[in-house]
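Descriptive structure summary
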Amino acid sequence: SRTANRLTVVRGSARCPTAAAAAAARDGRSKSKWMGVVGLEVHAQLCSNSKLFSGSRVQFSAPPNALVSFLDASLPGTLPVLNKHCVEAAVMTGLALNCTINKKSMFDRKHYFYADLPVGYQITQQRCPIAINGNLAYSLYVGRNRNHMIPKLVRIQQIQLEQDSGRSLHDDARSQTLIDLNRAGIGLMEIVMKPDMCCGDEAAAAVRELQLILQTLGTCHGNMAEGQLRVDANVSVHQHGRPYGVRAEVKNINSPRFLARAIDYEIQRQIDILENGGKILNETRAFDYKTGQTISLRDKEGKQDYRFMPEPNLPPLAIFDNETLSSNVNPQQVVNIDHIRELLPELPDAKRKRLVEKYGILAEHSFTLVNEDGLVQFFETVLEQTEANPKKVIGWILNDFLALLKQNNLSVNQSPITPPALAELLTLLEKGFISSSAAKQVFVELWEGEGKSAVQIVEQKELGLIQDHRKLEQICQRVIEDHPSEVSEIQQGNWKVLNKLIGQVQRATHGRAAPTVVKFILEKKLS
Ligand SMILES: Nc1ncnc2c1ncn2[C@@H]1O[C@H](COP(=O)(O)OP(=O)(O)OP(=O)(O)O)[C@@H](O)[C@H]1O
Ligand SMILES: [Mg+2]
Ligand SMILES: [Mg+2]
């Protein structure tokens, strides 16, 4: 079947080494000789209050055509003015992706005709983009339980600044197309990756990591469902040692999961064609998430001529660093690479490594922490304020805290439990003032949040372990008196029965007796 083949071939690709051997053994040579080649173009909407070349506001879900300046509507006589904040965001993204920032980049006009592009061209950076030659490190989880991590790297060819287009809304009932220009002119970064990936899983993992980096930088919100991050997947197949095949481009995929499915489908489609003596077309395709297939939109064979030309209304974009910044320019007026480098936050990869090294937690736990907005900070604030050790704390954060957040569909900063409250609870547990079952109970009470602290809850609900030696002795004495047959068994040497008596003491104290103390008292009394 197609599905079976697809799995074989994608996993069997020699560039996905983990599964290659197994797949080859299962299927013989003929199916595993093909390798997928994948290169992504990612369009990321820049976080900015205004558009790339006009002062129109950027806002989602505004009424159609409410955010359109004369320039966005392409009125004659209007001129583009570059938004400095967008340039800074692109430079910061370039630095985070280990790119070289071009001190001089250029804007070009790329011509094509579409109803949502009234001027007839898009301003983009074709010949000389703002950033080049970077890379993105990401991790691929493989294996049956996805618990084996393989570090991967994809090269970044370039990052270019460009404008977004408007949107066409098709009204089938009236067979009309309506145009909304709110999106027209919003700043985009096109992040172009080299064809270094080989399957859907790799592409999805790379995009997730990119998304996290952009969100950490604050240069793009990265919400794929809202179209802030859109991915075009270029896919081809070839045989080992042979030149790359012709690529098809699957446009505008808006989730990592669909990206993976679209790519794996496309690889198998191309293999099927080639195995049957056919030819791959250099075409643009779309992914239909309902059927899980890619479908042809238009072929590029008759190569669309974009008639690139320099944008005459924008001078070359000059960017400075400390060395090139001369004393006669106002630093407020220019973009300084060194200044932006200083503002770079700790990136997800560095953060994960630091968490593992500093606190001794598992690598996969560091991924979960970093993936959840605000969770690392929560974890570290708890650690600063508690005496419990990090390995215990991570368990509570990931199993109890995160589970309740997900159940209630809340983000970390909407949590009813604050870091100091959890820290206090875990200290009580660590010091042996409460049992772990009592701790779970306190945790739930904290979550329900009547503003009481862990200590107050423990006191009011009498959840504290009974440490008082005299009181415990009295209870143990009573249990001994009430269980003569067990006592005589123990005295005949059957010490296993002691557990039964310990259980009775716990029953009498509702689980609040310190177990080691109880054992010590009973042993002393019975020996
Ligand atoms: N043989 C190939 N197989 C798969 N991907 C490829 C192959 N050759 C190039 N690519 C990928 O195709 C993409 C080319 O993007 P680029 O922006 O340079 O050109 P384009 O797709 O022609 O332009 P446009 O921006 O108009 O879509 C890159 O992501 C690159 O990695
Ligand atoms: Mg491109
Ligand atoms: Mg493309």
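What counts and how
Residues numbered from 1 in each chain as written. Chains lettered and ligands numbered in written order. Predicted model: local features only at pLDDT ≥ 70, side-chain atom pairs only at ≥ 80, totals over all residues. Heavy atoms only, no water. Helix = DSSP H or I, 4+ residues; strand = E, 2+ residues; numbered from the N terminus. Rg over C-alpha atoms; globule rule 2.2 N^0.38 Å. Contact = heavy atoms within 4.5 Å. Areas by Shrake-Rupley, 256 points an atom, 1.4 Å probe, with all protein chains shown as cover. Lys, Arg positive; Asp, Glu negative; His and termini not counted. Charge placed at Lys NZ, Arg CZ, Asp CG, Glu CD. Salt bridge = Lys/Arg side-chain N within 4 Å of Asp/Glu carboxyl O. Buried < 20%, exposed > 50% of the residue type's maximum accessible area, 1.4 Å probe, protein only. Pairing = 2+ DSSP bridges. Domains from an automatic or database assignment. Buried area = accessible area lost by both parts, 1.4 Å probe. Donors = N, O, S within 2.8 Å, 3.2 Å for Na, K, Ca; no water. Near = heavy atom within 4 Å. Polar contact = N/O pair within 3.5 Å; in protein donor to acceptor, adjacent residues only side chain to side chain. Nonpolar A, V, L, I, M, F, W, Y, C, P; charged D, E, K, R; others polar.

This part takes up the overall build of the protein. Regarding its fold elements, the protein presents 18 helices and 16 strands. Compactness check: the protein gives a C-alpha radius of gyration of 31 Å against a globular reference of 24 Å for 527 residues, more than 25% above the reference. Projecting the C-alpha coordinates of the protein onto the three principal axes gives extents of approximately 100 × 65 × 55 Å. Nonlocal contacts in the protein, meaning residues at least 24 apart in sequence, comprise 66% of its contacts between residues at least 6 apart. Element-wise, carbon and sulfur atoms account for 49% of the exposed surface of the protein, whose accessible area totals about 27,000 Å². Each charge class in the protein can be summarised by its mean position, and for the 62 positive and 57 negative side chains these summaries are 5 Å apart.

For the structure on display, the rule yields 31 salt bridges. Put simply, Arg109 and Glu311 hold a salt bridge, and the shortest N to O gap is 2.8 Å. Of this pair, Arg109 sits in strand β4 (residues 108-111) while Glu311 is found in the loop between β15 (309-310) and β16 (317-318), placing the two residues 202 residues apart along the sequence. Each member of the pair, Arg109 as well as Glu311, is classed as buried. Note that Arg183 is salt-bridged to Asp164, the shortest N-O span being 3.5 Å. In this pair, Arg183 is assigned in the loop between β9 (176-180) and β10 (187-193) and Asp164 in the loop between β7 (148-163) and β8 (167-171), connecting sequence segments 19 residues apart. Residue Asp164 is classed as buried on the basis of its relative accessible area, which comes to 4%. What emerges from the salt-bridge pattern is a single network uniting Glu209, Asp349, Arg352 and Lys353.

As a further point, take the sheet that holds β4. Judged by pairing direction, the sheet is antiparallel, and its 3 strands sit side by side in the order β5-β4-β15 without closing on themselves. Of all strands in the sheet, those with a lone pairing partner are β5 (121-124) and β15, marking the two edges. Bridge analysis of β4 against β15 gives 2 bridges, and the strand direction is antiparallel. Among the inter-strand pairings, Arg109 is bridged to a residue of β15, identified as Met309.

So, on to the domain arrangement of the protein. Assigned domains within the protein: domain 1 (2-310), domain 2 (348-460) and domain 3 (469-526). Distance between the C-alpha centres of domain 1 and domain 2: 38 Å. Opposite the 7 residues of domain 1 that make contact, domain 2 presents 8 residues. Between domain 1 and domain 2, the buried area comes to about 610 Å², and carbon and sulfur atoms account for 63% of it. In terms of surface lost to domain 2, no three residues of domain 1 exceed Tyr141, Glu209 and Leu212, which account for 60% of the buried area on that side.

Right, let's get into the coordination of the magnesium ion (ligand 3). Listed as protein donors to the magnesium ion (ligand 3) are Glu41 (OE), Glu41 (OE) and Glu249 (OE); their distances from the metal cover 2.0 to 2.4 Å. Between the magnesium ion (ligand 3) and the magnesium ion (ligand 2), both coordinated by Glu41, there is a metal-metal distance of 3.8 Å. Residue Glu41 is found in strand β1 (residues 34-45), and its partner Glu249 is found in strand β12 (residues 248-253); the two are separated by 208 residues along the sequence. Here the two residues Glu41 and Glu249 agree in accessibility, since each one is buried.

Moving on, we come to the site of ligand 1. Taken together, 20 residues surround ligand 1, and among them Glu41, Lys110, Met193, Pro195 and Ser236 come closest. In the model, an oxygen atom of ligand 1 is placed 3.3 Å from a nitrogen or oxygen of the Asn234 side chain. At 3.2 Å, a side-chain N or O of Glu249 approaches an oxygen atom of ligand 1. Relative to its unbound accessible surface of 640 Å², ligand 1 loses 81% to contact with the protein. Counting residues per element, the shell around ligand 1 draws most heavily on β1, at 4 residues. Looking at the shell around ligand 1, its residues break down into 7 nonpolar, 5 polar and 8 charged.

What follows covers unusual backbone geometry. Residues apart from glycine generally show negative phi values, whereas peptide bonds are mostly found in trans. At Asn98, a residue that is not glycine, the phi angle is positive and equals roughly 55 degrees. The topology assignment puts Asn98 in the loop between α4 (84-96) and β2 (100-101). According to the relative accessible area criterion, Asn98 is partly exposed, its value standing at 47%. For Asn133, which is not glycine, the phi torsion reads 55 degrees and is therefore positive. Considering the arrangement of structural elements, one finds Asn133 in strand β6 (residues 131-142). For Asn133, a relative accessible area of 52% puts it in the exposed group.

Along the chain, the position of His43 falls in strand β1. There is a polar contact of 3.3 Å between the side chain of His43 and the side chain of Glu162. A distance of 3.0 Å separates a polar atom in the side chain of His43 from a polar atom in the side chain of Glu190. For His43, the residues in contact, after removing those within four places along its chain, are Glu162, Leu188, Met189, Glu190, Gln228, Leu229, Arg230 and Asp232.

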